[in-house]
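The residues making up each chain are set out below.
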Number of protein chains: 2
Amino acid sequence: MPDTTALPPVQLSQRAGYAKEQAISFLMQQGIENPGVISLAAGFVDFASLPVRETREALASLLADMTKGQQALQYGTTQGSLRLRHRVHELFARLEGVPAKELGVGLDRILMTTGSQQLLSLLCEVLFNPGDICLVSGPTYFVFLAALQGVGAQAIVIPSDEDGLRTDALDATLQQLDADGKLDRVKLIYLVSYYENPSGISISTDRRREVVEIARRWSKQQRILILEDAAYRELRYDGPQWPSVWSFDAGGEHVIYTQTFSKSFSPGIRVGFGIIPTDLIAPLCDRKGNDDFGSPNLMQQLLIEVLDRGLYEPHVAEVQSAYRIKRDAMLAAADEFFSDIPGATWVHPHGGLYVWMTLSHEIPTGFNTPLWTSAVHDEGVMYVPGELSYPSDMPDRPR
Amino acid sequence: MPDTTALPPVQLSQRAGYAKEQAISFLMQQGIENPGVISLAAGFVDFASLPVRETREALASLLADMTKGQQALQYGTTQGSLRLRHRVHELFARLEGVPAKELGVGLDRILMTTGSQQLLSLLCEVLFNPGDICLVSGPTYFVFLAALQGVGAQAIVIPSDEDGLRTDALDATLQQLDADGKLDRVKLIYLVSYYENPSGISISTDRRREVVEIARRWSKQQRILILEDAAYRELRYDGPQWPSVWSFDAGGEHVIYTQTFSKSFSPGIRVGFGIIPTDLIAPLCDRKGNDDFGSPNLMQQLLIEVLDRGLYEPHVAEVQSAYRIKRDAMLAAADEFFSDIPGATWVHPHGGLYVWMTLSHEIPTGFNTPLWTSAVHDEGVMYVPGELSYPSDMPDRPR
């Protein structure tokens, strides 16, 4: 046995200290270790909806052709398959309701990533020095808060209401930061624009326009960017079809738009994409070149085959149907079991995966509370505690 | 048209400035854009050897079972599939020539990554503050130099000879760094232990032992780690079977061992792994949790199927045969065309993908030289200029 008492410690980087144990990994691990528990946490995709048949058909076709198969099993490029970027361009144009030629986006502004998570992370890397500021709609996607923390950035919460991010509060916060001499530390505004994780809310059309105007107006010394996370855009069950925040950024200079095939097709392939302002493409690709010099080519070629064979849109329709039923079941269960609880309220989302529920202040919901323990171990139900959706250093963080 | 003259610039992070345009992306792009050119650059895998049949068989089997298919299309975990880590454990034991039970490595010390490149990058992130030092064998893998540069770390070259990294020079450099008060900035020693990229050399057995002893001896304030990049270990054509550097680290505390399935199976699936000292697993997983919370599960499940169906080892044997022929052809061509060139020498490698050739000092070989231009555009042959294999700030960098 080595004398471990004499073993000098590993000196980790400052950055490693920022990225302490992440709640997402804990939740995903819990979900896998407790298969009997009904998990309302961590955004796992509905098992029965996963496209086994479509994937089998697409891969059989791809690998039946020796040359296509070999190309798919070779390295790709850092930025991602050109042919897939072409298909993504068409998909994005369709979602925007604009002919692809009029979109005003070249294929050189599309970046393929390992899920949209990688784009969130790459963007944090290339934008934030420690102490730089990101304005986030609150509550927000807790994994993005971890990514900000991982680079030492500061998250400042902008409150939201039933119409999403409050643009008056956004403007007031920027005014205050300017008065405090901190405007030059503000790099980014982050929001989930469709059926927000976790609130379930979609920001109103007027406010979408206003967010872009506000970012432009306060871009004084440096540009203030907007990260529009549209992960759930295609999971629409009813209600309005909102225009993207991106569509209000005529010059394509302020909004980074990101979407993923994880929710609409399969998270097991981990393919996401970004529509990126021209001057951010090179820094993001340089960083990705260091990190992995390209996401798995085989998964990108699979997705091309799925799109080319017309397997994608029918699957999205199936997924919408499956989740609509689940949403309705969740809301019916809430009506049945939570209506009598004083102070309990919840949101009726038009799409996505999230129902945000608020309990009275007397009932804390975090990992170390009686509610969490009882839910997971006695009742067999796992949820995401709301406190995770606010920065841990927020003074009046909801519990 | 927006008034772009008035557009304030994006203020990138300090770190984005470190990661300027990477040679790997340039070379890979060149290879793809010039399919007619014979590429001796960028480590692309031999096209004809890519395992289309094996992949088709494994995926058909995986996706024929609805439940297995759904599991493969779901999210995995940040650290990687437990079942795949079990298979990797068995593979590693076989390579080490030790029964799996006697390996002394738990599955919790294995990390699955997007190619071994991601492990190199994650390790840079969690270890290096700007100005920290990594000792590298010279010439070395130029993409790792870029990863070091990307976090602001300093690479110091330790010269190598026909027996690999010169351990006397390693010891002397550490002594000098200690004298200069810089020993506490030394975090890592990096080497490619089998058929080194780019030298083709494998470090001798005695020096493998000495590297570990030296790292241990100079671990005073903090531990000096060794990153053993064994990417080419299984591409052995003849010659000795060297023990790993890892095998000399009885406590498993100094050596991070990494290997990839990119060269031995397919780079299109981007699956690599690391055998990690216990106290580094959590920081690496935390970082990976931020970056992508897990490499594509479908690719990991594919690899399990390939290993379980006995498709892997026969394929490795095929790959060895294919590359042995290519190596012999390269060496025969060198004999035929370069023997008469004064000062031209080259290495006869026993495995891997690299033949390192040295020309006289009067013939510079970089991207902007007559040789490169003539080779790529007139002769249709692409190579990796040797200067890339040394840090760009090295005073007497070979040209």
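Before reading on, note that the structure itself is shown above.
Numbers given to residues run from 1 along each chain, matching the order in which its sequence is written. Chain letters and ligand numbers both follow the written order, the letters beginning at A and the numbers at 1. Note on the predicted model: pLDDT of at least 70 is required for a residue's local features to be given, and 80 or more for side-chain atom pairs to be given and counted; whole-chain, interface and lining totals, by contrast, use all residues. The basis for every side-chain value is the complete set of heavy atoms in the structure, and neither hydrogens nor water enter the calculation.

**Quick look at the interface of chain B and chain A**
By a widespread convention, an interface's size corresponds to the accessible area lost as its parts come together. If you look at the interface, chain B gives 94 residues, while chain A gives 94 residues. Summing both sides of the interface, chain B and chain A together bury roughly 7,700 Å²; the carbon and sulfur share of this comes to 61%. Summed over the three residues of chain B that lose the most area to chain A, namely L73, Y75 and N290 of chain B, the buried surface amounts to 10% of that side. Salt bridges are counted wherever a side-chain nitrogen of Lys or Arg sits within 4 Å of a carboxyl oxygen of Asp or Glu. At the junction of chain B and chain A, the tally comes to 3 salt bridges. Any pair of nitrogen or oxygen atoms within 3.5 Å is treated as a polar contact; in protein, a donor-acceptor pairing is required on top of that, and neighbouring residues in sequence qualify only through side-chain atoms on both sides. Taken together, chain B and chain A are joined by 40 residue pairs in polar contact (both at pLDDT 80 or more). Every element with two or more residues in the side of chain B that touches chain A is listed here: α1 (14-18), α2 (23-33), α3 (52-64), α4 (66-73), α6 (115-127), α7 (142-150), α10 (278-291) and α11 (297-308) of chain B. Among the elements that line the side of chain B that touches chain A, the one with the most residues is α10 of chain B, at 8 residues. Polar here means any residue outside two lists: the nonpolar Ala, Val, Leu, Ile, Met, Phe, Trp, Tyr, Cys and Pro, and the charged Asp, Glu, Lys and Arg; Gly therefore counts as polar. A class-by-class count of the residues in the side of chain B that touches chain A yields 42 nonpolar, 36 polar and 16 charged. Any pair of residues with heavy atoms lying within 4.5 Å of one another is described as a contacting pair. Accessible-area loss on putting two parts together, using a 1.4 Å probe and summing over both, is the definition of buried area adopted here. Strands here are runs of E lasting at least two residues and helices are runs of H or I lasting at least four, both read from the DSSP assignment and numbered beginning at the N terminus.

**Concerning the packing of aromatic side chains**
Residue and element names in this part refer to chain A. Aromatic pairs are defined between Phe, Tyr and Trp rings, using the six-membered ring for Trp, whenever the two ring centres lie within 6.5 Å; interplanar angles under 30 degrees are classed as stacked, those over 60 as edge-to-face, and all others as tilted. Following the criterion strictly, the structure yields 26 aromatic pairs over all chains and no others. For the ring pair F261 and F273, a centre distance of 5.9 Å and an interplane angle of 45° mean the geometry is tilted. With F261 in the loop between β8 (255-260) and β9 (271-275) and F273 in strand β9, this pair connects stretches of sequence that are 12 residues apart. For F261, a relative accessible area of 1% puts it in the buried group. Three or more aromatic residues link up through ring pairs in this structure, and these residues are F261, F265, F273 and Y312. For each residue, the accessible area found with a 1.4 Å probe, counting protein chains only, is set against the maximum for its type, and the residue is called buried under 20%, exposed over 50%, and partly exposed in between.

**Considering the pairing of strand β2 (residues 110-114) of chain A**
Residue and element names in this part refer to chain A. In terms of burial, β2 is largely enclosed, as 5 of its 5 residues are buried. Note on pairing: two strands pair once DSSP finds at least 2 bridges between them. Relative to β9, β2 is paired through 5 bridges, and the arrangement is antiparallel. Paired with T113 across the two strands is G272, which belongs to β9.

**Side note on the pairing of strand β3 (residues 133-138) of chain B**
Residues and elements named next belong to chain B. Burial within β3 is extensive, with 6 of its 6 residues counted as buried. Across the two faces of β3 the burial is the same, with I133, L135 and S137 and C134, V136 and G138 all buried. Across 6 bridges, β3 lies against strand β4 (residues 154-161) in parallel orientation. Bridge pairing links I133 to Q154 in β4. If you view a crossover with the strands going away from you and the path from the first strand over the helix to the second runs clockwise, you call it right-handed. Taking the sense of rotation as the criterion, the β-α-β connection linking β3, α7 and β4 turns out right-handed. Bridge analysis of β3 against strand β6 (residues 186-192) gives 4 bridges, and the strand direction is parallel. Paired with L135 across the strands is I189, a residue of β6.

**Some points on α11 of chain B**
All names here are of chain B. Helix length check: α11 (12 residues) gives 16 Å between terminal C-alpha atoms against 16 Å at 1.5 Å per residue, within 8%. Across the 12 residues that make up α11, a large majority, 11, are buried. Among all positions in α11, only N297, L298, M299, Q300, Q301, L302, L303, I304, E305, V306 and L307 are buried. G310, located one to two residues past α11, shows a positive phi value of around 70°. In this analysis, the expected span of each helix is defined as 1.5 Å times one less than the number of residues it contains.

**Let's talk about the sheet that holds β2 of chain A**
Residues and elements named next belong to chain A. Pairing is mixed across the open sheet formed by 8 strands, whose spatial order is β2-β9-β8-β7-β6-β3-β4-β5. If you trace the sheet from one side to the other, it starts and ends with β2 and β5 (164-165), each paired once. Helix α8 (residues 167-179) rests against β3 (133-138), β4 (154-161), β5 and β6 (186-192) of the sheet, and its axis sits at about 150° to β4. Working convention: axes come from line fits to C-alpha atoms, limited for helices to the stretch in contact. Angles between N-to-C directions cover 0 to 180 degrees.

**Some remarks on the environment of P159 of chain A**
All names here are of chain A. Note on placement: P159 falls in strand β4. Spatially, the C-alpha atom of P159 lies 8.6 Å from that of V136, the residues being 23 residues apart in sequence. Those residues in contact with P159 that sit more than four places away from it in its chain are G138, L165, R166 and A169.

**So, the relation of the copies chain B and chain A**
When the copies are superposed, the least-squares fit takes in the C-alpha atoms of residues with a pLDDT of at least 70 in both. Here chain B sits on chain A after a turn of 180° about the axis and a move of 0.0 Å along it, with an RMSD of 0.0 Å. Those values place the two copies in the arrangement expected of a two-fold rotation axis. When the interface residues of chain B are mapped onto chain A, 100% of them again lie at the interface, so the same face is used by both copies.

**Quick notes on the sheet that holds strand β2 (residues 110-114) of chain B**
Residue and element names in this part refer to chain B. One open sheet accounts for 8 strands, arranged β2-β9-β8-β7-β6-β3-β4-β5; its pairing is mixed. What marks the edges here is a single partner per strand, and that holds for β2 and β5 (164-165). Alignment of β6 against strand β7 (residues 225-229), held across 5 bridges, turns out to be parallel. Following the sheet pairing, V192 is matched in β7 by D229. Sheet contacts for α6: β2, β6, β7, β8 (255-260) and β9 (271-275); angle to β2, the most-contacted strand, approximately 110°.

**A few points about the pattern of salt bridges**
Evaluated as defined, the whole model comprises 53 salt bridges over all chains. The closest approach of N and O atoms between E305 of chain A and K68 of chain A, which form a salt bridge, is 3.4 Å. One end of the pair, E305 of chain A, is in helix α11 (residues 297-308); the other, K68 of chain A, is in helix α4 (residues 66-73), and 237 residues separate them in sequence. A relative accessible area of 28% means that K68 of chain A is categorised as partly exposed. Each member of the salt-bridge network shares a partner with another, and the members are R15, E125, R287 and D291 of chain A together with R15, E125, R287 and D291 of chain B.

**Brief notes about the environment of S339 of chain A**
Residue and element names in this part refer to chain A. Tracing the backbone shows S339 in the loop between α12 (312-338) and β10 (345-346). Placed 89 residues apart in sequence, S339 and A250 show a C-alpha to C-alpha distance of 45 Å. Excluding residues within four positions of it along the chain, S339 makes contact with A334 and W346. Here the side chain of S339 touches D335 through a polar contact of 2.5 Å, landing on its backbone oxygen.

**Let's talk about the side chain of N197 of chain B**
Residue and element names in this part refer to chain B. The topology assignment puts N197 in the loop between β6 and α9 (205-217). Overall, N197 belongs to the buried group, its relative accessible area being 7%. A distance of 3.2 Å separates the side chain of N197 from the side chain of Y232, its partner in a polar contact.

**Focus: the nonpolar core**
To define a nonpolar core, start from buried Ala, Val, Leu, Ile, Met, Phe, Trp, Tyr and Cys residues and group those joined through side-chain atoms within 4.5 Å. Formed by 238 residues in total, the largest nonpolar core has its most connected members in F144 of chain A together with F144 of chain B. Apart from the residues lying within four places of it in its own chain, the contact partners of F144 of chain A are L120, C124, C134, V136, L188, Y190 and L227 of chain A.

**Considering the environment of R399 of chain B**
All names here are of chain B. Along the chain, R399 turns up in the segment after β12 (381-382). Residue R399 is classed as exposed on the basis of its relative accessible area of 60%. For the pair R399 and Q222, spaced 177 residues apart in sequence, the C-alpha to C-alpha distance is 36 Å. Not counting chain neighbours up to four residues away, the residues in contact with R399 comprise P364, T365, G366 and E387.

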